[in-house]
Amino acid sequence: MKRRSALLLLIAAAPALAQTAYRWVDDKGRVQYSDQPPPAAVPQYDQRNISANQSGSLQQSFATRQAAGKYPVTLYVSKDCGKACEDGRAFLKKRTIPFSEQRIESAEDVATYKARIGAEPFVPTLLVGREKETGFAAPAWDNLLDKAGYPAARR
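An account of the accompanying structure is given in this report. All values derive from a computational prediction rather than experimental measurement.

1. Points about the sheet that holds strand 6 (residues 125–128)
- Overall, mixed pairing links the 4 strands, which are arranged 5-4-6-7 in an open sheet. Each having just a single partner strand, strand 5 (99–103) and strand 7 (131–134) make up the two edges of the open sheet. The sheet shows a mean angle of 20 degrees between the axes of neighbouring strands, direction not considered.
- With 4 bridges joining them, strand 4 (residues 73–77) and strand 6 adopt antiparallel strand pairing. For Leu-75, the partnering residue across the bridge sits in strand 6 and is Leu-126.
- Relative to the sheet, helix 4 (residues 83–94) contacts strand 4, strand 5 and strand 6, its axis offset from that of strand 4 by approximately 160 degrees.

2. Notes on the pairing of strand 5
- Examined bridge by bridge, strand 4 and strand 5 share 5 bridges and lie parallel to one another. Residue pairing in the sheet places Tyr-76 in a bridge with Gln-102 of strand 5.
- In this fold, strand 4 hands off to helix 4, which returns the chain to strand 5; that crossover is right-handed.

3. A short note on the packing of helix 4 against helix 6 (residues 138–148)
- Packing of helix 4 against helix 6 leaves a shortest axis separation of 11 Å and a crossing angle of 40 degrees. As summarised for this structure, helix 4 and helix 6 are arranged oblique, according to the angle between their axes. Seen from above, helix 4 lies across helix 6 with right-handed handedness. Mapping the contact onto sequence places Gly-88, Phe-91 and Leu-92 in helix 4 and Ala-138, Trp-141, Asp-142 and Leu-145 in helix 6.
- A per-class count over the contact of helix 4 with helix 6 returns 5 nonpolar, 1 polar and 1 charged.

How each quantity is defined
- Residues numbered from 1 in each chain as written.
- Predicted model: local features only at pLDDT ≥ 70, side-chain atom pairs only at ≥ 80, totals over all residues.
- Heavy atoms only, no water.
- Pairing = 2+ DSSP bridges.
- Helix = DSSP H or I, 4+ residues; strand = E, 2+ residues; numbered from the N terminus.
- Axes fitted to C-alpha atoms, helices over the stretch in contact; angles between N-to-C directions.
- Contact = heavy atoms within 4.5 Å.
- Right-handed = clockwise from strand over helix to strand, strands pointing away.
- Parallel < 35°, antiparallel > 145°, perpendicular 65-115°, else oblique.
- Left-handed = near helix turned anticlockwise from the far one by under 90°.
- Nonpolar A, V, L, I, M, F, W, Y, C, P; charged D, E, K, R; others polar.

What follows is the structure, given as structure tokens:
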């Protein structure tokens, strides 16, 4: 328990630094967390690099966590999307919206997009819960996020 608390404190205290976290089950069946690798006797463990973006998610407001739980945000992009995708990504980061990014690169990605969105791929596409907005237009994206209950951008 001390190691887990220490790890969470370390992550909260230094969100700008990348951290490595380890998780394993000890010989008594208890889950252990640490910023140090497990003992050599532990045959299997998870190792995660926690970036500033991930550790910063621990500091999200209650309203943001609520909205993200009900209406997760996905940004669809492609390698040749260019400025529109960069602007969309920057917009979400500025507004501190937690989001996943899906790249449309293969035929399988196109099929997945069509099944989820119900249309031919167009990037960027912002999906908030089941509502979508294609192309980057800050007012339309703001409206979609506001309707889902995400807090307004910090000024």
